Amino acid sequence: MTDPRFYQIATLSLLVAWGSTTLGFGIRIENALAIVTTALATQWFGSRLAGLPRFDPLSAIITSLSLTLLLRTDLMALASLASALAIGSKFLLRANNKHIFNPANFAIVVLMLASDRAWISSGQWGSTSLLAVLLIGLGLLVISRAKRFETTLFFLGGWAVLVFARAAWLGDPLAIPLHQLQNGALLVFAFFMISDPVTAPNTAAGRAIFGTLVATVAYVIQFHFYLPSGPVLALIGCALTVPIIDRCLSGHRYRWRATSKGATA
């Protein structure tokens, strides 16, 4: 249980169960099963092709739970395709011996751009203070276990500064930016997607730069181009800067405990 992925799986599973039974997320059971099954099958197949010493399902389970939480589609085939794209990207799209994109983020953006049958329903989370506090608490548990929390903190800090500055410039009441910060989908993104230690820069300074960059690009996308899901779209573009940041700021690549001997990808 020293591997932080166990805590991520427990937290994400709780959110999926809570969202399905209490918040009315509208998660299709057939889609969830297709996502999990395809993720595990793709991870196993990719591990064999890559010559890894053993099959490690933990990262694939985390990715499938993230997709179940955030991706919405009425087609089971698209849900399965998203899962295959997510796990496949870990093995195929790599730089400096680590995968470039957060797997769930990559799959969601590809399907959103390629099809009008896939989307993110950010409104499903509501914006209640209780929900925000719970998600923040669960997220802090996870990122403290991963010990690489700078990306999340600088993303949320940068996003907060920008939305409060926008409210001040427009003369909006403080209730508006506070309401925007209490969005459940934003917090899930911050604590369970952008916080991925494997795809984040290798140094604390690099992660601070990266988190601030994602917040800035997300703000431009969402409030200047009026495109929903600004953070999700910003992350996939900013991920391309991580190899550059790592080259400029040298540091040690993060490894899950299970991967210290190259057991997983």
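Residues numbered from 1 in each chain as written. Predicted model: local features only at pLDDT ≥ 70, side-chain atom pairs only at ≥ 80, totals over all residues. Heavy atoms only, no water.

Chemist: Looking at this structure, how should I read the overall build of the protein?
Modeler: Scanning the protein from terminus to terminus reveals twelve helices and four strands. When its C-alpha atoms are laid out on the principal axes, the protein stretches across 60 × 45 × 35 Å. Sorting the 265 residues of the protein into buried and exposed places 51% on the buried side. The long-range share in the protein, meaning contacts at least 24 apart out of those at least 6 apart in sequence, stands at 79%. Surface summary for the protein: the accessible area is close to 12100 Å², and the carbon and sulfur share equals 68%. Separation of charge centres in the protein, based on 19 positive and 9 negative side chains, amounts to 11 Å. (Helix = DSSP H or I, 4+ residues; strand = E, 2+ residues; numbered from the N terminus. Buried < 20%, exposed > 50% of the residue type's maximum accessible area, 1.4 Å probe, protein only. Contact = heavy atoms within 4.5 Å. Areas by Shrake-Rupley, 256 points an atom, 1.4 Å probe, with all protein chains shown as cover. Lys, Arg positive; Asp, Glu negative; His and termini not counted. Charge placed at Lys NZ, Arg CZ, Asp CG, Glu CD.)

Chemist: Would you mind going over the environment of Phe101 with me for this structure?
Modeler: Note on placement: Phe101 falls in the loop between strand S3 (98-99) and helix H5 (103-114). Here Phe101 falls in the buried class, since its relative accessible area comes to 11%. Between the C-alpha atom of Phe101 and that of Ile236, which follows or precedes it by 135 residues, the distance is 6.4 Å. Not counting chain neighbours up to four residues away, the residues in contact with Phe101 comprise Leu93, Phe106, Thr199, Ile236, Ala239 and Leu240.

Chemist: When you look at the nonpolar core in this model, what are you seeing that I'm missing?
Modeler: Nonpolar side chains tend toward joint burial in soluble globular proteins. Counting residues in each nonpolar core, the largest one holds 60 residues, and the members touching the most others are Ile108, Phe155, Trp159, Phe189, Phe210 and Val214. Ignoring anything within four residues of it in the chain, the contact list for Val214 reads Phe155, Phe189, Ile194, Pro231, Ala234, Leu235 and Cys238. (Core = buried A, V, L, I, M, F, W, Y, C linked by side-chain atoms within 4.5 Å.)

Chemist: It is not clear to me how the packing of aromatic side chains should be interpreted in this structure. Could you clarify?
Modeler: Aromatic rings considered in pairs are described by the distance between their centres and by the relative angle of their planes. One pass over the structure, following the stated rule, counts five aromatic pairs. Judged by centre distance (5.2 Å) and plane angle (65°), the rings of Phe155 and Phe189 are edge-to-face. Residue Phe155 is found in helix H7 (residues 150-170), and its partner Phe189 is found in helix H9 (residues 184-192); the two are separated by 34 residues along the sequence. Each member of the pair, Phe155 as well as Phe189, is classed as buried. An angle of 40° between the planes, with centres 5.1 Å apart, marks the rings of Tyr219 and Phe223 as tilted. With a gap of four residues between them, Tyr219 and Phe223 both fall in helix H10 (residues 204-223), about one helical turn apart. Take Tyr219: its relative accessible area is 13%, and that puts it in the buried class. For Phe223, a relative accessible area of 12% corresponds to the buried category. (Phe/Tyr/Trp six-rings, centres within 6.5 Å; stacked < 30°, edge-to-face > 60°.)

Chemist: How do you make sense of a nonpolar patch on the surface when you look at a structure like this?
Modeler: There is a patch of nonpolar side chains on the surface, built from Trp44, Phe45, Leu49 and Phe55 and spanning about 440 Å² of accessible area. Relative to the assigned elements, Leu49 resides in helix H2 (residues 29-50). (Patch = residues over 30% accessible without salt bridge, like charges linked within 9 Å, V, L, I, M, F, W, Y side chains within 5 Å. Salt bridge = Lys/Arg side-chain N within 4 Å of Asp/Glu carboxyl O.)

Chemist: I would appreciate a short explanation of the pattern of salt bridges in the present structure.
Modeler: Any two side chains of opposite charge can pair, given that their charged atoms come close. One pass over the full model with this rule turns up six salt bridges. Notably, a salt bridge pairs Lys98 with Asp246, separated by 3.0 Å at the nearest N-O pair. Taken together, the positions of Lys98 in strand S3 and Asp246 in helix H12 (residues 242-248) put the pair 148 residues apart, joining distant regions of the chain. You'll find Lys98 and Asp246 in the same group, each marked buried. Overlapping salt bridges, with partners in common, bring together Asp3, Arg5 and Asp56 in one network.

Chemist: Can you walk me through the packing of H5 against helix H11 (residues 230-238) in this structure?
Modeler: Packed helix pairs are specified by the crossing angle of their axes together with the interaxial distance, meaning the distance between the axes. For the pair H5 and H11, interaxial distance at closest approach is 9 Å and the crossing angle is 110°. On the basis of the axis angle, H5 is roughly perpendicular to H11. Viewed along their axes, H5 and H11 form a crossing whose handedness is left-handed. When H5 is examined against H11, the residues Asn105, Phe106, Ile108 and Val109 are found in contact with a partner set consisting of Val232, Leu233, Leu235 and Ile236. Looking at the contact of H5 with H11, its residues break down into seven nonpolar, one polar and no charged. (Axes fitted to C-alpha atoms, helices over the stretch in contact; angles between N-to-C directions. Parallel < 35°, antiparallel > 145°, perpendicular 65-115°, else oblique. Left-handed = near helix turned anticlockwise from the far one by under 90°. Nonpolar A, V, L, I, M, F, W, Y, C, P; charged D, E, K, R; others polar.)

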